[in-house]
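The residues making up each chain are set out below.
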Amino acid sequence: WVAATDAAEQERLMLRGVTLLSKAFLHHLSGLLSLRSFHLLWLRALELLEQFLRAPQSELLAEAVPETLKNMLLVMGASGAFESRARVGDTPQTLAQLTAAVVETMCPQLSGSPDLAGLW
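Residues numbered from 1 in each chain as written. Predicted model: local features only at pLDDT ≥ 70, side-chain atom pairs only at ≥ 80, totals over all residues. Heavy atoms only, no water.

Colleague: Is there a simple way to think about helix H3 (residues 38-53) in this case?
Modeller: Working note: α-helix, 3.6 residues per turn, so residues spaced by three or four point in the same direction. Taking 1.5 Å as the rise per residue, H3 with 16 residues should run 22 Å; its terminal C-alpha atoms sit 22 Å apart, in good agreement. Those residues of H3 lying buried are Phe38, His39, Trp42, Ala45, Leu46, Leu49, Phe52 and Leu53. Down the axis of H3, the buried set is contained in an arc of 140°. They therefore lie on one face. In this structure, H3 carries Leu40 and Gln51 as exposed residues pointing more than 90 degrees from its buried face. (Helix = DSSP H or I, 4+ residues; strand = E, 2+ residues; numbered from the N terminus. Expected span 1.5 Å × (residues − 1). Buried < 20%, exposed > 50% of the residue type's maximum accessible area, 1.4 Å probe, protein only. Arc of directions from axis to C-beta.)

In structure tokens:
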């Protein structure tokens, strides 16, 4: 019983982490977008979401993370985050291309979502 309680508590804490990450990131998005290293911050946020998504036997996170990611992508798209055709960092890709590649690997069901079709 103790192990089940610990697992449930861990799951709740991870869900709170996902929610906090998303809310803080989106709340400060306009300021964050002005950072030269924004793409690194964004890629790190995607890494964290992927780690939460891969949490063992967590149905709650398996549902919450894709929904949270989709919401973040839609808000970023609406704010113009993916409009720049400038290459980011040392890559030959734009932020939209980098994001699309990560989302395809991390959450393939989202990459084909009609809601996100106009982002990339």
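Colleague: Got a minute to help me understand the layout of surface pockets in this structure?
Modeller: Rolled over the atoms, a probe sized like a water molecule indicates the empty space that remains. Roughly 160 Å³ of internal volume is contained in the largest pocket. For the largest pocket, the full set of lining residues is Leu33, Leu35, Arg36, Phe38, His39, Ala81, Ser84, Ala86, Arg87, Val88 and Leu95. In the lining of the largest pocket, the residues fall into seven nonpolar, two polar and two charged. (1 Å grid on protein atoms, 1.4 Å probe; cavity = no way out; pocket = protein on both sides within 12 Å on 5 of 7 lines; lining within 4 Å. Points joined across faces, edges and corners; volume = space filled by probe spheres on them. Nonpolar A, V, L, I, M, F, W, Y, C, P; charged D, E, K, R; others polar.)

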